[in-house]
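Read off the chains here:
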Amino acid sequence: MDSSRHLDSKVRVIWLVPTAVLILFIWVVGAGFSVFAPDSVSSISHGIPALLFPIALLLLLLIILGLPSFAWVHMNFVNFTYELAPGDVVIREGVFTRKRTVIPYGRIQNITTQR
């Protein structure tokens, strides 16, 4: 009987935060250039109107950075399991290379639970 468990699905949101912050930072800088230096952006945007440039930049960032990051986080989440065995905790993780960590209950010094 396989008693492996997955992490709470909210973990995926936490794992996606760094990518979301990066996308937001790049978008704010790019949109700022389109507002404060429209001449430099017009040479980059290749005919996209100045008002549509921030929207096009956001869509491009979501496709180039967001989709691969979302896929990677999903694969990590699916492949991360833990098992509370009779004598220890067994953690299995990894997408391309699988890692198995066994922690005997005797080695655990502190457990904090909150509800």
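Up top is the structure.
Residues numbered from 1 in each chain as written. Predicted model: local features only at pLDDT ≥ 70, side-chain atom pairs only at ≥ 80, totals over all residues. Heavy atoms only, no water.

Participant: Could you clarify how one ought to interpret the pairing of strand E2 (residues 81-84) in this entry?
Facilitator: Regular strands place their side chains on alternate faces of the sheet. Here E2 shows a buried face lined by Thr-81 and Glu-83 and an unburied face lined by Tyr-82 and Leu-84. Bridge analysis of strand E1 (residues 5-6) against E2 gives two bridges, and the strand direction is antiparallel. In the sheet register, Arg-5 faces E2, and the bridge partner there is Tyr-82. Sheet topology note: the E2/strand E3 (residues 88-93) ladder contains four bridges and is antiparallel. Paired with Leu-84 across the strands is Val-89, a residue of E3. Taking the residues that link successive antiparallel strands as the turn, the E2-E3 hairpin has three residues. (Buried < 20%, exposed > 50% of the residue type's maximum accessible area, 1.4 Å probe, protein only. Helix = DSSP H or I, 4+ residues; strand = E, 2+ residues; numbered from the N terminus. Pairing = 2+ DSSP bridges.)

Participant: How should the side chain of Thr-81 be read in this particular structure?
Facilitator: Within the element layout of this structure, Thr-81 appears in strand E2. Once you skip the residues sitting within four places of it in the chain, Thr-81 turns out to touch Ser-4, Arg-5, His-6, Val-90, Ile-91 and Arg-92. (Contact = heavy atoms within 4.5 Å.)

Participant: Would you mind going over helix H1 (residues 10-36) with me for this structure?
Facilitator: Compared with an ideal rise of 1.5 Å per residue, which puts 27 residues at 39 Å, H1 spans 38 Å between its outermost C-alpha atoms and is within 8% of the ideal. The sharpest bend along H1 reaches about 40° and sits at Val-17, with the proline Pro-18 one to four residues further on. Here H1 has its buried residues at Val-11, Thr-19, Ile-23, Gly-30, Ala-31 and Ser-34. (Expected span 1.5 Å × (residues − 1). Bend = angle between axes of the 7 residues up to and from the residue.)

Participant: Whenever I open this one, the pattern of salt bridges confuses me. Can you help?
Facilitator: Opposite charge on two side chains lets them pair, provided their charged atoms get close. Following the criterion strictly, the structure yields one salt bridge and no others. Residue Arg-92 is joined to Glu-83 by a salt bridge in which the shortest nitrogen-to-oxygen separation is 3.4 Å. (Salt bridge = Lys/Arg side-chain N within 4 Å of Asp/Glu carboxyl O.)

Participant: I'm lost on the sheet that holds E3 in this one. Help?
Facilitator: Two strands in a sheet stick together by hydrogen bonds in their backbones, pointing the same way (parallel) or opposite ways (antiparallel). Within the open sheet, the four strands sit side by side as E1-E2-E3-E4. Their pairing is antiparallel. Across the chains shown, the open sheet's two edge strands, defined by having one partner strand only, are E1 and strand E4 (99-104).

These figures come from the coordinates and say nothing about function on their own.
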